[in-house]
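Architecture at a glance
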Amino acid sequence: MREVDLAIVGAGPAGLFAAYYAGFRGLSTAVIDALPEPGGQVTAMYPEKMIFDVAGFPGIRGRDLVANLVEQAAQFNPEYVLGVRADELSYVDDRPVLALSDGQQLRCGAVLITGGLGSFTARPLPAAAEFGGDGVIFFVPHLADLTGHDVVIVGGGDSAFDWALALQPIAKSVTLVHRRDRFRAHASTVAKVQSLPIEIVVNAEVSRIHGEGRCAGVDVTVRGAEPRTLPADTIVAALGFTADLGPLAGWGLELDKRHIKVDSTTATNLPRVFAAGDISEYPGKVRLIAVGFGEAATAVNNAAIIIDPSAHLFPGHSSDNG
């Protein structure tokens, strides 16, 4: 059983900033996430999107925000335990012990849950189950990988239209297929896509994917019209995600639906367990990355005085330390 001052469950923006702030407070830190790389929802769902409501940045791409947070935390050498779930919570001598899905056990001074949406799974594209080959993705980690591709995007929400806007300048062609003739995306984004050479096929569904091991085209069934076959090197199934708390739901945390209730210190109902970011809930909660940063600092400072009762709640300003 290894020991660490603070285990952070969730490597999204709030968790990464908590790793920096814990290091600033002199705490050893392990950051645990089921995804294979840091960044949480930002990395998994919109790495290429611009974010405009992070303080100090008029606009910053999701991928760049994550890279900056990782660099900021790196000065204190947090340990990353990625591709691994925090499955079980128990206590030994009043200290939390996390059992991880890879068999490790961490004895912690405190635990901070920054899991965002919790565990999330992409909604499947039915035609992909019968295909079983490559070329069907649920988000686009690297836009450049699709340069020169014929791309078919399935969906009618913000993600589908955002990918269409981002890919149109570099792809050979972009076609958006949606099963309705109304869209969930913001009207301004829809208008931008409609002004570009992007074909939008409505009242339609992808019924079959062609290709031997790799996507080479799709059949589209269109309600009230003839079926169509579209060229496709890549299909982006932007159908959304389902989320749940996963193993956290069995820890005994007090929940409000799928969010974890916390008090003004970000403490949960369990001893030495805190929560911050989108996963936490309290009256007046606003789910923004900027808010999550503040909650992460609040959580770390309050955890610090539980881990070391001689410590001060407020450690002073970072600018005082040079």
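What counts and what doesn't
- Residues numbered from 1 in each chain as written.
- Predicted model: local features only at pLDDT ≥ 70, side-chain atom pairs only at ≥ 80, totals over all residues.
- Heavy atoms only, no water.
- UniProt positions renumbered as here; feature names shortened; annotations may be inferred.
- Buried < 20%, exposed > 50% of the residue type's maximum accessible area, 1.4 Å probe, protein only.
- Helix = DSSP H or I, 4+ residues; strand = E, 2+ residues; numbered from the N terminus.
- Contact = heavy atoms within 4.5 Å.
- Pairing = 2+ DSSP bridges.
- Lys, Arg positive; Asp, Glu negative; His and termini not counted.
- Salt bridge = Lys/Arg side-chain N within 4 Å of Asp/Glu carboxyl O.
- Polar contact = N/O pair within 3.5 Å; in protein donor to acceptor, adjacent residues only side chain to side chain.

Within an unreviewed UniProt entry, the label attached to the chain reads Ferredoxin--NADP reductase, and the organism entered is Dactylosporangium sucinum. The record in UniProt for the chain states the following under Sequence similarities (unreviewed entry): "Belongs to the ferredoxin--NADP reductase type 2 family." Word for word, the UniProt comment on the chain under Subunit (unreviewed entry) is "Homodimer."

Among the residues of helix α5 (residues 158-167), those classed as buried are A160, F161, D162, W163, A164 and L167. Those residues of α5 that are buried are in contact with α2 (40-45), β11 (150-154), β12 (173-177), α6 (187-194), β13 (199-201) and β17 (234-237).

Think of a sheet as strands paired side by side through backbone hydrogen bonds, with each pair either parallel or antiparallel. Pairing is parallel across the open sheet formed by 5 strands, whose spatial order is β10-β17-β11-β12-β13. The sheet is open, and its two edges are formed by β10 (136-137) and β13, each paired on a single side. Where β11 and β12 come together, 5 bridges link them in parallel fashion. Each bridged residue has a counterpart across the sheet, and for V151 the counterpart in β12 is V174.

As a further point, take the side chain of R25. Structurally, R25 is set in the loop between α1 (13-24) and β2 (29-33). Look at R25: it is buried, it has no salt bridge, and the nearest opposite charge is D308 at 7.4 Å. Within the local environment of R25, its side chain forms a polar contact with the side chain of N301, the two groups lying 3.0 Å apart. Excluding anything up to four places from it in sequence, R25 contacts V300, N301, A304, A311, H312, L313, F314 and P315.

This paragraph deals with the environment of R258. With respect to the element layout, R258 can be found in the loop between β19 (255-256) and β20 (259-261). Assessed through its relative accessible area of 33%, R258 is described here as partly exposed. In this structure, the C-alpha to C-alpha distance between R258 and D244, residues 14 residues apart in sequence, is 6.5 Å. Those residues in contact with R258 that lie beyond four places of it in its chain are L117, A243, L245 and I279.

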